[in-house]
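So the chains spell out like this:
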Amino acid sequence: MKRLLVRVNGVIRKRLFTQRSFIRLLFDLDVLASATGQLCNWGTIHQRLIVHRYIRHETKILEIGTGAHAIVAIFVKKHFPDVSILATDILPEQIYLAKKTVDKNQVSVACTVADMFGGIAGKFDLILFYPPAIPSHELEELGCKLESYPGLGSRRGWSSDGGSDGLDVIRAFLDGVRGHLEAQGLAMVSVNPIQCDVARFKKLCQNAGLLIKRIHRLPVIMNTYVLYSQAVPGHESRPDCARPDNWYFRSPKAFLGPAENVNPFWRSYFFQEYFLRSGRGFPPSSCHIFLSCL
Ligand SMILES: C[S@@+](CC[C@H](N)C(=O)[O-])C[C@H]1O[C@@H](n2cnc3c(N)ncnc32)[C@H](O)[C@@H]1O
């Protein structure tokens, strides 16, 4: 069974994640041709499916490790033009390409080179990161060569190498993120549950003074954790979507206000999930006003 899943995953990554047409369909944006072939990954897709739930009016967003295509950052800016986004990456060449992709899509996303939070001033409402999290020795066994960058050192693939136990980059993120979150701010981190299970991730969060608000699961493939600072009380562990006052209307351009008077069917979890599961994604690009649970 495990072998079958690995094969299917390999085929999807090779046949779909390398296709610019697939990116256009799923993210509604144009990317440049990739030198490595790979344009997105499971974490990119998972973030695309859930990020809208955490976007409010004029949300200030930071995406760490945006990669050469800045896909999530561009997707968010295209669909929610009233947000501001800073997209960073540790590698200058990724940021050079990310800027070109941003221009190609005619959106306003600031891109800058930064090693984690180094040189980043200010606080954000939402911080996104899909970190490299494969242990170096596993990459070595797969034949991945060390790639060196002056001043940065060497890794076996800057998009995948997470250090000796695979968690070095995640730890560095969790240690720094609290200092860059607004009082009610949230961080969203996507991690493969095989590389780091929930119990282990919870422990890392505790050590860094963070709590898990919610775990979005793409079974076996990806857990996306929504985190907040332990020092700030008042975050519920899950949004209570049964409470009408937790629902609001928004359009791609603006937060339109509370939706508590709407018929419960339209507020239902089923209705939201319909868009997610029907493969249209949510919000569908043809939908101009939609409902979301806070
Ligand atoms: C798994 S890739 C994700 C790329 C992109 N966000 C996506 O979804 O396709 C991880 C990215 O993090 C970047 N990265 C690795 N270490 C970093 C660090 N210390 N600070 C900032 N970015 C880092 C890598 O260069 C790479 O682009």
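Our structure is the block above this text.
Criteria and thresholds
- Residues numbered from 1 in each chain as written.
- Predicted model: local features only at pLDDT ≥ 70, side-chain atom pairs only at ≥ 80, totals over all residues.
- Near = placed C-beta within 6 Å.
- Nonpolar A, V, L, I, M, F, W, Y, C, P; charged D, E, K, R; others polar.
- Core = buried A, V, L, I, M, F, W, Y, C linked by C-beta atoms within 7 Å.
- Buried ≥ 20, exposed ≤ 12 C-beta atoms within 10 Å, placed from the backbone.
- Contact = placed C-beta atoms within 7 Å.
- Helix = DSSP H or I, 4+ residues; strand = E, 2+ residues; numbered from the N terminus.
- Pairing = 2+ DSSP bridges.
- Axes fitted to C-alpha atoms, helices over the stretch in contact; angles between N-to-C directions.
- Parallel < 35°, antiparallel > 145°, perpendicular 65-115°, else oblique.
- Left-handed = near helix turned anticlockwise from the far one by under 90°.

Caption draft 1: Layout of the site of the ligand. The environment of the ligand is formed by 23 residues, the closest being T44, G65, G67, I90 and S159. A per-class count over the shell around the ligand returns 12 nonpolar, nine polar and two charged.

Caption draft 2: A look at the nonpolar core. Membership of the largest hydrophobic core comes to 58 residues, with the highest contact counts inside it found for A70, I71, V76, I127, M188 and L227. Among residues more than four places away in sequence, those in contact with M188 are Q47, V51, Y54, L126, L128, T224 and V226.

Caption draft 3: Just unusual backbone geometry, in detail. For D28, which is not glycine, the phi dihedral falls at a positive 60°. Even without being a glycine, V220 presents a positive backbone phi close to 70°. Looking at the element boundaries, V220 is found in the loop between β8 (210-218) and β9 (222-229).

Caption draft 4: Highlighting the pairing of β8. Of the pairings in the sheet, the one linking β8 to β9 comprises eight bridges and is antiparallel in character. What sits directly across from L218, in β9, is M222.

Caption draft 5: Representation of the pairing of strand β2 (residues 84-89) within the structure. Taking burial as the measure, the six residues of β2 include five buried ones, the bulk of the element. Pairing geometry for β2 and strand β3 (residues 110-113), over four bridges, is parallel. Counterpart to D89 in the pairing with β3 is V113.

Caption draft 6: Spatial organisation of the environment of L204. Inspection of the secondary structure puts L204 in helix α8 (residues 198-207). For L204, a count of 19 C-beta atoms within 10 Å gives the class partly exposed. Through-space distance from the C-alpha of L204 to that of R171 is 7.0 Å; in sequence the pair is 33 residues apart. If we ignore the near neighbours within four places in the chain, the residues touching L204 are L167, I170, R171 and L174.

Caption draft 7: The arrangement of the sheet that holds strand β1 (residues 60-64) in detail. The strand order β3-β2-β1-β4-β7-β9-β8 describes an open sheet built from seven strands, whose pairing is mixed. Whereas interior strands pair on both sides, the edge strands pair on one side only; in this sheet they are β3 and β8. Sheet twist, expressed as the mean angle between neighbouring strand axes with direction ignored, is 20°. Looking at chain direction, strand β4 (residues 124-129) and strand β7 (residues 181-191) are connected through five bridges and run parallel.

Caption draft 8: Here's a closer look at the packing of helix α3 (residues 42-50) against helix α4 (residues 71-79). Between α3 and α4, whose axes approach to 10 Å, the crossing angle comes to 20°. By the angle between their axes, α3 is roughly parallel relative to α4. The two elements α3 and α4 cross, and the hand of that crossing is right-handed. Residues T44, Q47 and R48 of α3 form the contact with α4, whose own contacting residues are I71, V72 and F75. Here the contact of α3 with α4 is built from residues that sort into three nonpolar, two polar and one charged.

Caption draft 9: Region of the structure containing the environment of G157. Considering the arrangement of structural elements, one finds G157 in the loop between β6 (153-155) and α7 (168-177). Through-space distance from the C-alpha of G157 to that of I134 is 9.6 Å; in sequence the pair is 23 residues apart.

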